[in-house]
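# Architecture and fold: a report
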Amino acid sequence: MLYANKHKTIIILREEKMTKFEELGITQPILKALDEMGFKTPTEVQSRAIPHILNKEDMIVMSKTGSGKTAVFGVPLLQLSNPEASYPQCLILTPTRELAVQIDNDIKKMSKYLPHKTTAVYGKHSMKAEVEAISRGVTIVTGTPGRVFDHISQKSLNIRNVRFLVLDEADRMLDMGFIDQVRKIVKSLPVDRVTLLFSATIPMEIRRICNSQMKNPVTIEIESPTMTVDTIKQCYFRVERNEKRTQLFRLLLSYTPESCLIFCNTRIAVDYVHNYLTKKGCACLPLHGDVPQGKRLQTLQQFKSGRFPILVATDVAARGLDINNLAMVINFDVPEDKDNYVHRIGRTGRAGKDGFAISLVTSNDIMSLYEIEEHIGVIIENMDLPTDSELNAGKEASDKWILSQSGIIKPAAPKRENKNKERGQSANKRSSDNRNYRNRHNTQNYPRNRTNATARNREYGAGIPKPTFTPQPQKSPPPKPAAQAPAEATIIKEQTSAESKSFIKKLISKLLKK
């Protein structure tokens, strides 16, 4: 079913989809490669989009999962471009170098039985190697916006003959700050081209590009099954790594949750967050593997019963925690395992009640968050952090929230054995000092052998007077014998001198006679 408006044609996904790649109009060499890659039947987005791209129509594909998306644009690009040409005809922009390499590898596999040449360009890669690969002649260039823009600026990438432009993960490129470079690249390309845009969402900046740079694009939106409960509102806040604790506390002041479970990836992070929130006046307790088992069970029971509002925990320690009225889950750290995200936020929004899940995301975590989005089939909303004016407006409620937590958790009393231990250490130190003093002042009069000294004390106690110990004078070393004159050496020296004198006299007399 189709209907059109001024800007675009929208496809409502109630029509019968094609079930074979042969029905999509794909050539035999590509079909053979797809079969070897394991593609048996086209996915929904492939069956809907490929025919329109083969018809050279601009297209916007909104899909919440990335399943089979590379084939959606890879197959038509290979089929519509000229493999014999020595200049780039297709340009694919992606947000990350990992994705650029992956797309390039997939397209190479699809073109196994075609003479196409492709390459990938991206940051932290040899610019010289990329220039050499481009100069050898390539049909399709895949790259990140920054590196592609560098090649265009240095005129090492000829874009005059680019007939196809693909913007993959457009919303992610917007999130990562590449939108200005993308806009410059798009404006530098030939106007007579086919533009394909793939994005999970269409923010306002992306929509402006679509309206200004695309010609009556066909829009296809694919709904995907989700792995999370629809009653859970999910969002994330971009933060700097060194201000995560501060922003966490500000969010708590802004939302003042009745109950909140904060997840960290490590035990150290749990203690780190717990100590900070405790100093700020929050009633919270830690839960991780280093906490004794009895204490963990007691903490869980108290949290379930509402004795205190905030629990900071690791994934393993919180396993099996079932709370029907948990108002909020906060991911202080983005989970390393995508399934852990599902388990974490699934602890709120139970029994038909609304739930709220927040994630604190640094620049190092953004790609992990995108992988989680693809895994769960849901786009997580990016929200702005609360401002000072917003916090001041709700200061009365936040102060009341903090005041309600005062005195709930009393600091643990110091253990008695620690005092006894300190006393014992002090007594041992004094005893050691006394022994050292006696040893320093009595070394000449008393031997160090404790057993012999004890025996002598008993003997002297029987009435025998103590002998006096007088140090014996040390024997002086014997005097060194006087050095004897070398008599033989002297005699030999005198004989040698006399012989040399007689020899000289004889030599002189012979010379005079001559």
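Residues numbered from 1 in each chain as written. Predicted model: local features only at pLDDT ≥ 70, side-chain atom pairs only at ≥ 80, totals over all residues. Heavy atoms only, no water.

A few words now on the nonpolar core. With 35 residues, the main nonpolar core has Ile26, Met59, Phe73, Leu77, Ile92 and Leu196 as its most contacted residues. Looking at this core element by element, the count peaks at 7 residues for helix α3 (residues 69-80). Residues within four places of Phe73 in sequence aside, it is in contact with Ile92, Ile103, Val166, Asp168, Leu196 and Phe198. Counting residues in hydrophobic clusters, the runner-up holds 30 residues, among them Val148, Leu174, Ile202 and Cys210. (Core = buried A, V, L, I, M, F, W, Y, C linked by side-chain atoms within 4.5 Å. Buried < 20%, exposed > 50% of the residue type's maximum accessible area, 1.4 Å probe, protein only. Helix = DSSP H or I, 4+ residues; strand = E, 2+ residues; numbered from the N terminus. Contact = heavy atoms within 4.5 Å.)

In this section: empty space enclosed by the protein. Applying the stated criterion across every chain, the model contains 1 cavity of 30 Å³ or more. In this structure, the largest cavity occupies an estimated 30 Å³ of space. Lining of the largest cavity is provided by Leu167, Ala170, Met173, Ile179, Val182, Leu197, Ile206 and Ile209. For the lining of the largest cavity, the elements supplying multiple residues, two or more each, are α7 (170-175), α8 (179-188) and α9 (204-213). Here the lining of the largest cavity is built from residues that sort into 8 nonpolar, no polar and no charged. (1 Å grid on protein atoms, 1.4 Å probe; cavity = no way out; pocket = protein on both sides within 12 Å on 5 of 7 lines; lining within 4 Å. Points joined across faces, edges and corners; volume = space filled by probe spheres on them. Nonpolar A, V, L, I, M, F, W, Y, C, P; charged D, E, K, R; others polar.)

If you check helix α10 (residues 244-255), its first and last C-alpha atoms are 16 Å apart, about what 12 residues at 1.5 Å a residue would give, namely 16 Å. Among the residues making up α10, those that are buried are Lys244, Gln247, Leu248, Phe249, Arg250, Leu251, Leu252 and Leu253. Of the residues one or two after α10, Thr256 is the one with positive phi, at around 40°. (Expected span 1.5 Å × (residues − 1).)

In this structure, Glu169 takes a positive phi of about 55° despite not being glycine. Topologically, Glu169 is positioned in the loop between β7 (164-167) and α7. In this structure Glu169 comes out as buried when scored by relative accessible area, which is 6%.

Residue pairs spaced three or four apart in an α-helix point in one direction, given the helix's 3.6 residues per turn. Along α9, the residues classified as buried are Ile206, Ile209 and Cys210. The buried side chains of α9 occupy one side of the element, clustering within an arc of 100° when seen end-on. Facing away from the buried side of α9, by more than 90 degrees, are the exposed residues Met204 and Asn211. Buried residues in α9 make contact with β3 (59-63), α7, α8 and β8 (194-198). (Arc of directions from axis to C-beta.)

Here we come to the pattern of salt bridges. The full count for this structure, using the stated rule, is 15 salt bridges. Linking Glu44 and Arg48 is a salt bridge whose minimum nitrogen-to-oxygen distance equals 3.9 Å. With a gap of 4 residues between them, Glu44 and Arg48 both fall in helix α2 (residues 44-54), about one helical turn apart. Looking at Glu44, the relative accessible area reads 27%, which means it is partly exposed. With relative accessibility at 8%, the residue Arg48 sits in the buried group. (Salt bridge = Lys/Arg side-chain N within 4 Å of Asp/Glu carboxyl O.)

The strand order β12-β13-β11-β14-β15-β10-β16 describes an open sheet built from 7 strands, whose pairing is parallel. Of all the strands in the sheet, just β12 (284-287) and β16 (381-382) have a single pairing partner and so form its edges. Where β12 and strand β13 (residues 310-313) come together, 4 bridges link them in parallel fashion. In the strand pairing of β13, Leu285 is matched with Leu311. Running over the sheet, helix α11 (residues 267-279) touches β11 (260-263), β12 and β13 and is turned about 170° from β12. Against the sheet, helix α14 (residues 366-376) makes contact with β10 (232-238) and β15 (355-361), and its axis sits at roughly 160° relative to β10, the strand it touches most. (Pairing = 2+ DSSP bridges. Axes fitted to C-alpha atoms, helices over the stretch in contact; angles between N-to-C directions.)

Here the focus is the state of the cysteines. In the structure shown here, the tally under the stated rule is 0 disulfides. Cys260 forms no disulfide, and the closest cysteine sulfur to it belongs to Cys282, at a distance of 9.5 Å. In this structure Cys284 is not part of a disulfide, and its nearest cysteine sulfur, from Cys282, lies 6.2 Å away. (Disulfide = S-S within 2.5 Å.)

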